[in-house]
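# Chain and residue survey
Residue strings, one per chain:
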Amino acid sequence: MRMNTLADIARSLPEYDPQSLRVDLARDFIARLLPRVSTTERVALRSALGRVLAEDIVSPINVPAADNSAMDGYALRGAELNPGGDTRLKVAGTSLAGGAAAQDLPPLHCQRIMTGALMPPGLDTVVPQEFTRSEGEFIVIPAGCVRAGDNRRLAGEDLARGQVALAAGRIVRPADLGLIASLGQAEVAVRRRLRVAILSTGDELRSLGQPLEQGCVYDSNRYTLWGLLQRLGVEVIDLGVVKDDPDALRQAFSEAAASADAIISSGGVSVGEADHTKRIMAELGEVLFWKIAMRPGRPMAIGRIPSGGRDAILFGLPGNPVAVMVTFYAFVREALLAMAGAQAQALPMLCAQSVKPLRKKPGRTEYQRGIVSRAADGRWQVEITGNQGSGILSSMSQADGLVVLGHEQGDVAAGDPVDVLLFEGLNG
Ligand code: AMP
Ligand code: MG
């Protein structure tokens, strides 16, 4: 089943350098080793929100099913409109939404019609009520207020029978729920949710509720990761804090591989780390330890741990809270979506003017936390949060997104445009 070993993939990438790996190359590498969830299940339409469509949704009907009116007004024959003056038509009857189609109308007749009502046969135009004047059984339409074909919805103009309404791999959104409902479909085939195990490693970590001894920190990464993963609609398996102890680590990673499609650990992959995490990862599976040409978040492990005839993909993230988030956005988020069977789902990238000059060394990709706002002229601008240290989680909390400064990019002058990877909506 396995196509390539990690070493094979590394060999196939021309500029692979694990000691200083370009961000784009690392992303490319990761994309090549991802298995996809293949199991599907049928769920009730509402439960499909946020799930990945397993099959194309093909429209079994025309939507709308028949020509109907887009306005409250009068249906008429466009050819009977008088271009040079008033048009006077006799009102034959009324068509209501949900009612039967009207009979054939004699010449120079019109039908009072409500929005959504079926167009009477042979009538192709609706003049809105407010443009007309009533004269007993007749209406008068002044010249030029409507053209032939106006205000009519055509059968199949939203979706034609046999048309792919939504493609497999789509993550179902609110509008999609409505679209699927408009086809009369009550159930949807979706892929099983991706299962992602998270764990934090480090002797200094304390869980919430425990006292904080000297030299210790509360484990925040599992909470951040939990939040990031909830947004992706995956099933999260929380394996807690694991001490820097070979047996505990071996057990935790084995359990993670057995229960999940992907494992995200944080901590213990840094250079010169005195702990056992790297050794245990390498013992259990095929793992590469990278230094990525990026900031923050240089060290990272990527691998697969076999379990029960398949592999769990391992993302060994650095421990620093900001580096966790940045590496998640840079490498993990889209990888998980691909594993879940979703079509590419990049976060939106906004081009904004940098308020301040930015120092940037060419030769690595930098992710600086930015606060986005509107400049006086209405354009988007971005200001870097004060302290860019990779332990400063409050700056991540303040930020609307990450200013992404590409590998080759040098210093940025104030006013220069920069790319901002948005992770939340903006208050313009
Ligand atoms: P490491 O990558 O294990 O060398 O950790 C780098 C830094 O991140 C250290 O200061 C750790 O204490 C901190 N750190 C590691 N894991 C966590 C965590 N789960 N929550 C908060 N801080 C962490
Ligand atoms: Mg550590």
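Our structure's up above, just so we're on the same page.
This report concerns the structure included in the present document.

Calculation rules
Residues numbered from 1 in each chain as written. Chains lettered and ligands numbered in written order. Predicted model: local features only at pLDDT ≥ 70, side-chain atom pairs only at ≥ 80, totals over all residues. Heavy atoms only, no water. Helix = DSSP H or I, 4+ residues; strand = E, 2+ residues; numbered from the N terminus. Buried < 20%, exposed > 50% of the residue type's maximum accessible area, 1.4 Å probe, protein only. Salt bridge = Lys/Arg side-chain N within 4 Å of Asp/Glu carboxyl O.

The next subject is unusual backbone geometry. Apart from glycine, the bulk of residues carry a negative phi angle, and the bulk of peptide bonds sit in the trans form. Residue P64 is reached from V63 by a cis peptide bond, and omega for that bond is -5°. As for its position among the elements, P64 is in the loop between β2 (57-58) and β3 (68-69). Look at the link from R295 to P296: it is a cis peptide, with omega at -5°. As for its position among the elements, P296 is in the loop between β19 (294-295) and β20 (299-307). Look at L108: it is not a glycine, yet its phi comes out positive at around 60°. Following the sequence through the fold, L108 ends up in the loop between β5 (87-95) and β6 (109-113). Residue classification places L108 among the partly exposed positions, given a relative accessible area of 48%.

Before going further, it helps to spend a moment on the pattern of salt bridges. For the structure shown, the criterion picks out 24 salt bridges. Here R22 ties to E408 by a salt bridge, and the two come within 3.3 Å at their closest N and O atoms. Taken together, the residues span a long stretch of sequence, with R22 in the loop between α1 (6-12) and α2 (23-31) and E408 in the loop between β25 (401-405) and β26 (417-422) at a distance of 386 residues. Taking the relative accessible area as the measure of exposure, E408 reaches 57% and is therefore exposed. Residues D247 and R250 are paired through a salt bridge, measuring 3.0 Å at the closest nitrogen-oxygen approach. Here the residue D247 and the residue R250 both occupy positions in helix α5 (residues 246-259), the gap between them amounting to three residues, near one helical turn. Where salt bridges share partners, they join D86, R88, R133 and E135 into one cluster.

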